[in-house]
Structures are given as C-alpha cells and as structure tokens.
Amino acid sequence: MRALIRYQAELLLRSYGWLPPFLAYALLMVLGVSIGDPLLGSQAVGAAVLLPVTAWLVRVVVTAEPAASRACLAAAATGPRVQLAALLTALSAGLLLAAGGTVALLVASGPVGNPGAPPAPVGEALVAGFLASVVCVLLGVAVGALCNRPVLLRGQYGIPLALAAATLVLVAPSSPANAAVRELVDASRSGRVGYPWAALAVAGLLLAAAAAGACGLAGRRTE
C-alpha cells in the first residue's frame, strides 16, 4: 500500500494536478479572510473552504492516469487497493492544506475572538481550528469518493454533483462539517473554545463508509 500511495503522490505532484485546487483554496481564503480578522472566525472560513477543495483533490487523483494505465495498475495491485491508495493520497494532500492553512491564519489573523469577547488561549484556538479543518477534509474525501469513478463513470456529472454535495454537507444543520464550523464561530463570539470530537468521529465513520463503497465498486466495475 505504501508503494501505491507513493506512486499516486508522485503522479499528483509531477502532473501539477494539485495546482488548480491549491490556487482555488488560496483565492477563496484571500476573499474570505482579511488580515487582522479574529483567529477563530478565520479558521471557520478556512475549514469550510477545505471541504470542496478536498473533493476536487480526490477527482484530480482518481483521474490522473489514462484508462489503460489504470487498468494495468488495477490488474497488478487489484482495483480496491488502487482506489484506496488514491483516496489516502487525496486525504494526505487535504491534511497538508489544513496544517498549512492553520499556520497561515495564525500569522495573518488578529485577536483570537471577536472584540469584546473573553480572551481565549491561542493554543486551544489553533487545535480547535485544525480539528474542524480535519473534519471538513474527511468529509471532502467522502464527497469526492462518491462523486467520481468508480461510483460515477461519467465524469461530466462528477463536478456539479461534487459541488452540490459539498454545499449540502456544509449547510445541513446535522452535518459534522456544519457543526464543527459553527462551533468555531460560536467560540469566536463567546471566547469559550471547544473541540469537535463528536463531529470528527462521525466524519471519520462517514469517510470509512464512503471509501469502503467506492473501493468495493472498484473491484467489480470496469470502464
């Protein structure tokens, strides 16, 4: 599995397929966050942006190879293992973005919370923001797994469906991503920082289910 992940990561880097999602992430962060904004509020924006960007990264990874190359790789290593390696590669890239975004927001942001809110420790705010970002990354990979091959073999439907699904996951009140982002916004107003452990656990379970379904289909479907 390590060799497959390394192969997928090298393919992603050498093809520069990571560049459009990264630029989109940077642009959305510039539009959504201003220098000097409260740290917790900025982290809420950064976490929310990661969900569609990570879903995009999944699409980049699973479509990086021509069909013939994918078939050869699947024949050598089995389709489910190749699919799992692709999802883990996209997950790793999303987590790197989450870590880098957390550090960048710490440098660019002002006070931890809104003016007038009780002071909150910077360390707790950073951990809460990173955990919320991880929740959104996990769900972004889940969305990407369900909106691309082998679940959807017609690629033209993948992009609009992934965008709609990412938006729904962000705005649905019962969504772990919505809960994690909302907790950061509430913490920015109140000064009471909490960690989204429940949302993180649910997001991990949803990703596991989506990955299991996608990997199972990869072993049965051919393009």
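Residues numbered from 1 in each chain as written. Predicted model: local features only at pLDDT ≥ 70, side-chain atom pairs only at ≥ 80, totals over all residues. Heavy atoms only, no water.

(A) Structural context of the nonpolar core. Core analysis: the largest hydrophobic core is formed by 58 residues, its most contacted members being Tyr25, Leu50, Leu51, Val135, Cys136 and Leu138. Broken down by secondary-structure element, the contributors of at least two residues to this core are helix H2 (19-32), helix H3 (39-62), helix H5 (79-108), helix H6 (122-146), helix H7 (158-171), helix H8 (176-190) and helix H9 (197-218). Excluding its chain neighbours within four sequence positions, the residues that come into contact with Cys136 are Ala47, Ala48, Leu50, Leu51, Ala177 and Val181. With five residues, the next largest nonpolar core counts Leu4, Ala77, Val82 and Ala85 among its residues. (Core = buried A, V, L, I, M, F, W, Y, C linked by side-chain atoms within 4.5 Å. Buried < 20%, exposed > 50% of the residue type's maximum accessible area, 1.4 Å probe, protein only. Helix = DSSP H or I, 4+ residues; strand = E, 2+ residues; numbered from the N terminus. Contact = heavy atoms within 4.5 Å.)

(B) Region of the structure containing the packing of aromatic side chains. In the structure shown here, the tally under the stated rule is three aromatic pairs. Ring centres of Tyr16 and Trp18 lie 6.3 Å apart, and the angle between their planes is 40 degrees; this geometry places the pair in the tilted category. Judged by relative accessible area, which is 54%, Tyr16 ranks as exposed. Look at Tyr195 and Trp197: their rings are 5.9 Å apart centre to centre, the planes differ by 80 degrees, and that puts the pair in the edge-to-face class. Overall, Tyr195 belongs to the partly exposed group, its relative accessible area being 32%. (Phe/Tyr/Trp six-rings, centres within 6.5 Å; stacked < 30°, edge-to-face > 60°.)

(C) Spotlight on H8. Here H8 is 15 residues long and its end C-alpha atoms lie 21 Å apart, about the 21 Å a rise of 1.5 Å per residue gives. If you check which residues of H8 are buried, you get Pro176, Ala177, Asn178, Ala180, Val181, Leu184, Ala187, Ser188 and Ser190. Residues of H8 that are buried in the fold lie against H3, H6, H7 and H9. Here H8 starts with a cap whose side-chain oxygen sits 3.2 Å from the backbone nitrogen of Ala177, and that cap is Ser175. Taken from the residues just after H8, Gly191 is the one with a positive phi, measuring 85 degrees. (Expected span 1.5 Å × (residues − 1). Polar contact = N/O pair within 3.5 Å; in protein donor to acceptor, adjacent residues only side chain to side chain.)

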